[in-house]
Amino acid sequence: YKLIDLTQAAALTTADRLEGLGRLAVLVVVMAGLALARLLVRYGTGDSDGENVPDVSRAVAKRGGLIHLLPVMFKTAAAGLAIGTGGSVGREGPIVQIGSALAYSLGQWVRMPENRLRTLVACGAAGGIAATFNAPITGVFFGVEIILREFSIEAIFTVMLAAMVADAISQPILGPSLIDIWRSPRIGRGRDG
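Residues numbered from 1 in each chain as written. Predicted model: local features only at pLDDT ≥ 70, side-chain atom pairs only at ≥ 80, totals over all residues. Heavy atoms only, no water.

I'm lost on the overall build of the chain in this one. Help?
Counting its regular elements, the chain contains nine helices and zero strands. Helices and strands appear in the chain in the N-to-C order α-α-α-α-α-α-α-α-α. Within the chain, the fraction of its 193 residues that count as buried is 40%. Considering only intrachain contacts with a sequence separation of at least 6, the fraction spanning at least 24 residues in the chain is 67%. Carbon and sulfur atoms provide 63% of the accessible area of the chain, an area that totals close to 11,800 Å². (Helix = DSSP H or I, 4+ residues; strand = E, 2+ residues; numbered from the N terminus. Buried < 20%, exposed > 50% of the residue type's maximum accessible area, 1.4 Å probe, protein only. Contact = heavy atoms within 4.5 Å. Areas by Shrake-Rupley, 256 points an atom, 1.4 Å probe, with all protein chains shown as cover.)

Just to check I follow, could you spell out the side chain of Thr 132 for this structure?
If you trace the backbone, Thr 132 turns up in helix α6 (residues 114-133). Residue Thr 132 is classed as buried on the basis of its relative accessible area of 12%. There is a polar contact of 2.9 Å between the side chain of Thr 132 and the backbone oxygen of Gly 128. Setting aside its immediate chain neighbours within four residues, Thr 132 contacts Tyr 1, Arg 91 and Ile 95. (Polar contact = N/O pair within 3.5 Å; in protein donor to acceptor, adjacent residues only side chain to side chain.)

What is the right way to read the environment of Phe 157 from this model?
Looking at where Phe 157 falls in the secondary structure, it is placed in helix α8 (residues 153-174). Note: C-alpha distance between Phe 157 and Val 144 (13 residues apart in sequence) is 9.8 Å.

I'm lost on the nonpolar core in this one. Help?
Burial of nonpolar side chains together is a common tendency in soluble globular proteins. Counting residues in hydrophobic clusters, the biggest one holds 26 residues, and the most contacted among them are Ile 67, Val 96, Phe 142, Ile 147 and Val 159. For this core, the elements supplying multiple residues, two or more each, are α3 (53-63), α5 (92-109), α6, α7 (136-148) and α8. Excluding residues within four positions of it along the chain, Val 159 makes contact with Thr 119, Ala 122, Cys 123, Ala 126, Gly 139, Val 140, Gly 143 and Val 144. (Core = buried A, V, L, I, M, F, W, Y, C linked by side-chain atoms within 4.5 Å.)

In this structure, what is going on with the side chain of Ser 170? I would like to understand it.
By the element assignment, Ser 170 lies in helix α8. Since its relative accessible area comes to 7%, Ser 170 is described here as buried. Looking at Ser 170, its side chain comes within polar contact range of the main-chain oxygen of Asp 167, at 3.0 Å.

What exactly am I supposed to notice about a nonpolar patch on the surface here?
Together, Tyr 1, Leu 161, Met 164, Val 165, Ile 169, Ile 173 and Leu 174 make up a nonpolar patch on the protein surface, roughly 660 Å² of accessible area in all. Along the chain, Ile 169 turns up in helix α8. (Patch = residues over 30% accessible without salt bridge, like charges linked within 9 Å, V, L, I, M, F, W, Y side chains within 5 Å. Salt bridge = Lys/Arg side-chain N within 4 Å of Asp/Glu carboxyl O.)

Could you clarify how one ought to interpret the layout of surface pockets in this entry?
Gaps between atoms show up when a probe of the same size as a water molecule is rolled over them. In this structure, the largest pocket spans a volume of roughly 610 Å³. Looking at the largest pocket, it is lined by 26 residues, and the ones nearest its centre are Tyr 1, Ile 95, Ile 98, Gly 128 and Thr 132. The set of elements that each furnish at least two residues to the lining of the largest pocket consists of α1 (2-17), α4 (69-84), α5, α6 and α8. Estimated volume of the second largest pocket: approximately 300 Å³. (1 Å grid on protein atoms, 1.4 Å probe; cavity = no way out; pocket = protein on both sides within 12 Å on 5 of 7 lines; lining within 4 Å. Points joined across faces, edges and corners; volume = space filled by probe spheres on them.)

How do you make sense of the environment of Ile 67 when you look at a structure like this?
Position of Ile 67 among the secondary structure elements: in the loop between α3 and α4. Sequence-wise, Ile 67 and Val 121 are 54 residues apart; in three dimensions their C-alpha atoms are separated by 8.9 Å.

Looking at this structure, I do not really get the packing of α6 against α8. What am I missing?
If you want to describe how two helices pack, look at the angle between their axes and the distance between the axes. Two elements in contact, α6 and α8, have axes whose closest approach is 8 Å; the angle formed by their N-to-C orientations is 35 degrees. The way α6 lies across α8 gives a crossing that is right-handed. Residue-level contacts link Arg 116, Thr 119, Ala 122, Cys 123, Ala 126, Gly 127, Ala 130 and Ala 131 of α6 to Glu 154, Ala 155, Thr 158, Val 159, Ala 162, Ala 163, Ala 166, Asp 167, Ser 170 and Leu 174 of α8. Its residues assigned to classes, the contact of α6 with α8 comprises eleven nonpolar, four polar and three charged. (Axes fitted to C-alpha atoms, helices over the stretch in contact; angles between N-to-C directions. Left-handed = near helix turned anticlockwise from the far one by under 90°. Nonpolar A, V, L, I, M, F, W, Y, C, P; charged D, E, K, R; others polar.)

In structure tokens:
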């Protein structure tokens, strides 16, 4: 969110400064942002996998969760730049990538065995989904069903804990969800129902 907000603010400020172009200034800024995002992906990531959710799922299934952090950082920056300048991409892929890559790096650092490392990667994906979309239950199902594809009790509870903790941490940072705002006494139905 913060990267997207920063990029959007910079894009709008840049478009305002291009006064001579009139309404074309927005188009120029959008095209420049998308071109820069493409360059980040092309030259910053090499031939790495992990461009989308199926690649993360494949990494867990076939490579023990191996996801390299540096290419994911470039892809995350490119996604933030593309979204912030008006590109039609979503937040789901980048957040799954960054959560999974950080979890894999942590697991490698503490020398986790492969079966636990795979679960940790699913925890990273579930935590990212839960925190970004304020949806811990969706994060659990996403991590277990889409990424891990393993329905053991231990895996489910581990992923559930990760999603709940990520959602609880994100609330003070990102603010309340739209549902919480709607239920507030100042907006929507208020206290009277």
